Amino acid sequence: MLRLLQHLRSYRGNIKKFKLNFPQLPQPERPWQYFGEWSKSLRNGRSPMVDRKPWVTIAALHWLEKSIKKGWQVFEYGMGGSTLFFLDKGCHVVSVEHHKGWYDQVSKILKSTSLIKSYLEEPSAQNLNPVYESQFKKWKGMNFESYVRVAETLPDQRLDLALVDGRARNQCIVAIMDKVKPGGFLLLDNSERSRYQAAIEMLQQAGWTTTHFAGPGFYEQGAFWCTSLFQKPRV
């Protein structure tokens, strides 16, 4: 009971904090509808890898669970629970990861399957072009060009869904947007961050429609953020 009361106080505080910090975003219409799922995700042993789910907001996960179809062509920047989720749904997945330790850990869990093609592209300290630099403090000054440019291995207008949830996300969006088919989707996690607004505006100016899934996400006590869905115009 004490833990439940702590979760209630934390969740209520998160709602207020999100409204205060991100007034420009549409607020969750019924944020308490997610409380049960969020609270259960804080139990010991729960994680995106254990649950085989992407680490996005709960509303965005609900959209994915409802919308993903077997046979979809999916590209993701950043491996993890999302990789397992897409494979479980019968999708064909191309995944790129920058961290060797994490890449090796995820690869051990993946079953031998023709449904996935994965790339390990570690950043370089050489020839830094600022557009390929991550804004994440740990990776400042590192060049993610080879990571971003994995998208160039794909034909144009092939993907049903691109998930951008890794490093150098603005440039990842630039690289992957032409690879999404008309009517296809791009999902950007942590879209409330100001450093991603230039890429979001670029998509919107190109006619992509926007749906913001703002609200709680799993596995963290103080976790309210936004995952945004963009749909490419149909020809």
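Right above here is the structure, for reference.
This write-up is about the structure you can find in this document. No experiment lies behind these values; they were computed from the predicted model shown.

The next thing to look at is the sheet that holds strand β2 (residues 92-97). Strands sit in the order β3-β2-β1-β4-β5-β7-β6 across an open sheet of 7 strands; the sheet is mixed. Every other strand in the sheet has two partners, leaving β3 (116-120) and β6 (209-216) as the edge strands with one partner each. For this sheet, the mean angle separating the axes of adjacent strands, direction not counted, is 15°. In terms of strand pairing, strand β1 (residues 73-77) meets strand β4 (residues 159-164) through 4 bridges, oriented parallel. When the bridges of β4 are listed, Phe-75 appears paired with Ala-162.

The subject of this paragraph is helix α5 (residues 81-88). Buried residues dominate α5, accounting for 7 of its 8 residues. In the segment just after α5, Gly-90 is the residue with positive phi, at about 85°.

Scanning the entire structure with this criterion turns up 10 salt bridges. When the shortest N-O distance is used, the salt bridge between Asp-88 and Arg-52 registers 2.8 Å. Of this pair, Asp-88 sits in helix α5 while Arg-52 is found in the loop between α3 (48-51) and α4 (58-67), placing the two residues 36 residues apart along the sequence. By relative accessible area, which is 47% here, Asp-88 ends up partly exposed. Residue Arg-149 pairs with Glu-152 through a salt bridge whose shortest N-O separation is 2.8 Å. Relative accessible area serves as the criterion here: at 38%, Arg-149 is assigned to the partly exposed category. Among the charged side chains, a salt-bridge network with shared partners connects Glu-145, Arg-149 and Glu-152.

Among the secondary structure elements, Gln-24 is positioned in the loop between α1 (2-21) and α2 (35-41). Spatially, the C-alpha atoms of Gln-24 and Glu-192 are 9.1 Å apart, while their sequence positions differ by 168 residues.

Residue Asn-127 is not a glycine yet carries a positive backbone phi of 50°. On the secondary structure map, Asn-127 appears in the loop between β3 and α7 (145-148).

Helix-helix packing is described using two parameters, namely the angle between the two axes and the distance between the axes. At a closest axis distance of 8 Å, the pairing of helix α8 (residues 169-176) and helix α9 (residues 197-205) adopts a crossing angle of 25°. Taken as axis vectors, α8 and α9 run roughly parallel relative to one another. Note on packing geometry: the crossing formed by α8 with α9 is left-handed. Contact with α8, carried on its side by Asn-170, Ile-173 and Val-174, involves Ala-199, Met-202 and Leu-203 of α9 and no other residues of that element. The residue makeup of the contact of α8 with α9, split by class, is 5 nonpolar, 1 polar and no charged.

This part covers the nonpolar core. Soluble globular proteins tend to pack their nonpolar side chains together in the buried interior. Leu-64, Ile-68, Phe-86 and Leu-161 are the most contacted members of the largest nonpolar core, which totals 42 residues. Of the residues forming this core, the biggest block, 6 residues, is contributed by α4. Once residues within four sequence positions are removed from consideration, Phe-86 is found in contact with Leu-64, Ile-68, Val-74, Glu-76, Cys-91, Val-93, Leu-161 and Leu-163.

Mapped onto the elements, Thr-227 comes out in strand β7 (residues 224-231). Assessed through its relative accessible area of 0%, Thr-227 is described here as buried. Engagement of the side chain of Thr-227 in a polar contact is seen with the backbone nitrogen of Thr-57, the distance being 3.2 Å. Setting aside chain neighbours within four positions, we find Thr-227 in contact with Val-56, Thr-57, Ala-60, Leu-187, Leu-188, Asp-189, Ser-191, Thr-211, His-212 and Phe-213.

A separate point is the packing of aromatic side chains. This model, assessed by the stated rule, comprises 17 aromatic pairs. Look at Phe-35 and Trp-38: their rings are 5.9 Å apart centre to centre, the planes differ by 40°, and that puts the pair in the tilted class. Taken together, the residues span about one helical turn, with Phe-35 and Trp-38 both in helix α2 at a distance of 3 residues. By the burial criterion, Phe-35 is buried, and Trp-38 matches it. On the numbers, 5.6 Å between centres and 70° between planes, the contact of Phe-85 with Phe-86 is edge-to-face. Here the two residues Phe-85 and Phe-86 agree in accessibility, since each one is buried. Through pairs of rings, three or more aromatic residues link up here, namely Tyr-11, Phe-18, Phe-22, Trp-32, Phe-35, Trp-38 and Phe-224.

Criteria and thresholds
- Residues numbered from 1 in each chain as written.
- Predicted model: local features only at pLDDT ≥ 70, side-chain atom pairs only at ≥ 80, totals over all residues.
- Heavy atoms only, no water.
- Pairing = 2+ DSSP bridges.
- Helix = DSSP H or I, 4+ residues; strand = E, 2+ residues; numbered from the N terminus.
- Axes fitted to C-alpha atoms, helices over the stretch in contact; angles between N-to-C directions.
- Buried < 20%, exposed > 50% of the residue type's maximum accessible area, 1.4 Å probe, protein only.
- Salt bridge = Lys/Arg side-chain N within 4 Å of Asp/Glu carboxyl O.
- Parallel < 35°, antiparallel > 145°, perpendicular 65-115°, else oblique.
- Left-handed = near helix turned anticlockwise from the far one by under 90°.
- Contact = heavy atoms within 4.5 Å.
- Nonpolar A, V, L, I, M, F, W, Y, C, P; charged D, E, K, R; others polar.
- Core = buried A, V, L, I, M, F, W, Y, C linked by side-chain atoms within 4.5 Å.
- Polar contact = N/O pair within 3.5 Å; in protein donor to acceptor, adjacent residues only side chain to side chain.
- Phe/Tyr/Trp six-rings, centres within 6.5 Å; stacked < 30°, edge-to-face > 60°.

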